[in-house]
Amino acid sequence: PWPREALDEIARLARRRIVDSRPATAAEAVAESEALVRALAAALVPVDTDPVVIRLGGAALRLRGLVDLGEALRRGGSRLPLSELPAAGDPGSPVDRQVVERAVRAELVRVRQAIPDRRELAAAAPTGYRRALAFLRLATLELADRVDALGWRVVKTPPVLGAAMRLGLVVRARLGLG
């Protein structure tokens, strides 16, 4: 039941994320995240996935990279473009707070621009996936707000969505309020 081509593409993209260096530019980072989401959608969703949905998935994936930024930098990397957050050198080496702040803010702008509005997403979502995608949209917006409030401190204290918040987002998504 799993499309072999889609699984091969997921493996290729995952290997590339592990083996290859970070994306050089923001456009390369966006393209990389959307390619991975497109491959995942091809494996999981039995219909062609609208570019609006791919854009949302890519935004959520890049936002996850911001949430995990502190751990990624401790390991000596991240998925932020080299043009915005130059290589830190050795794993765990300090990174300038202002550089991190600018890189986080720039990525947040791109993430927010990629998040479709409620009506656009509803029109693009495959039947049976509307509520799940509405939840993803709401969770991505909430998490983006939390990363924005932290700025460079996201490296030290990654934001989380607690159980009560997630439940509230589920209710909002089910009621079509997202």
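Summarised in this report is the structure supplied together with it. (Residues numbered from 1 in each chain as written. Predicted model: local features only at pLDDT ≥ 70, side-chain atom pairs only at ≥ 80, totals over all residues. Heavy atoms only, no water.)

### Quick notes on the overall build of the protein chain
- Helices and strands together make up the secondary structure of the protein chain, namely eight helices and zero strands.
- The N-to-C order of helical and strand elements in the protein chain reads α-α-α-α-α-α-α-α.
- In summary, the protein chain has a C-alpha radius of gyration of 17 Å against a globular reference of 16 Å for 178 residues, a match within 12%.
- In terms of overall dimensions, the protein chain has C-alpha extents of about 45 × 40 × 25 Å along its principal axes.
- Taking all 178 residues of the protein chain together, 40% fall into the buried category.
- Contacts in the protein chain between residues at least 24 apart in sequence constitute 69% of all its contacts with a sequence separation of at least 6.
- For the protein chain, the accessible area works out to roughly 9,900 Å², and carbon and sulfur atoms hold 58% of it.
- Of the side-chain charges in the protein chain, 29 are positive and 21 negative, and the distance between the mean point of each set is 6 Å. (Helix = DSSP H or I, 4+ residues; strand = E, 2+ residues; numbered from the N terminus. Rg over C-alpha atoms; globule rule 2.2 N^0.38 Å. Buried < 20%, exposed > 50% of the residue type's maximum accessible area, 1.4 Å probe, protein only. Contact = heavy atoms within 4.5 Å. Areas by Shrake-Rupley, 256 points an atom, 1.4 Å probe, with all protein chains shown as cover. Lys, Arg positive; Asp, Glu negative; His and termini not counted. Charge placed at Lys NZ, Arg CZ, Asp CG, Glu CD.)

### With respect to the side chain of R62
- On the secondary structure map, R62 appears in helix α3 (residues 51–67).
- Judged by relative accessible area, which is 8%, R62 ranks as buried.
- Among the polar contacts listed, one links the side chain of R62 to the side chain of S33, at a separation of 3.1 Å.
- Beyond its immediate stretch of four places on either side in the chain, R62 contacts A29, V30, S33, E107, R110, V111 and A114. (Polar contact = N/O pair within 3.5 Å; in protein donor to acceptor, adjacent residues only side chain to side chain.)

### Things to note about the side chain of R137
- With respect to the element layout, R137 can be found in helix α7 (residues 130–150).
- The side chain of R137 sits in the buried core without any salt bridge; D117 is the nearest counter-charge, 6.3 Å away.
- Excluding anything up to four places from it in sequence, R137 contacts L56, I115, P116, D117, R118, L121 and G178. (Salt bridge = Lys/Arg side-chain N within 4 Å of Asp/Glu carboxyl O.)

### Some thoughts on helix α8 (residues 163–174)
- In this model, α8 (twelve residues) spans 16 Å end to end at C-alpha, consistent with the 16 Å of a helix rising 1.5 Å per residue.
- Remark: G176 follows α8 within two positions and exhibits a positive phi of approximately 75°. (Expected span 1.5 Å × (residues − 1).)

### Regarding the environment of L121
- Locating L121 in the fold gives a position in helix α6 (residues 118–124).
- Measuring from C-alpha to C-alpha, the distance between L121 and A35 comes to 19 Å, with 86 residues separating the pair along the chain.
- Among all residues touching L121, those that are not within four sequence positions of it are V52, V53, L56, P116, L133, A134 and R137.

### Notes on helix α5 (residues 97–114)
- With 18 residues, α5 extends 26 Å from end C-alpha to end C-alpha; this agrees with the ideal 26 Å at 1.5 Å per step.
- Burial in α5 covers these residues: V99, V100, A103, V104, E107, L108, R110, V111 and A114. Buried residues in α5, looked at end-on, bunch into an arc of 165°, giving them a common side. Counted as exposed and oriented over 90 degrees from the buried face of α5: Q98, R102 and Q113.
- Each element contacted by the buried residues of α5 is listed here: α2 (26–44), α3, α4 (69–74) and α7.
- If you check the start of α5, you find a side-chain oxygen 2.9 Å away from the backbone N of Q98, and it comes from D96. (Arc of directions from axis to C-beta.)

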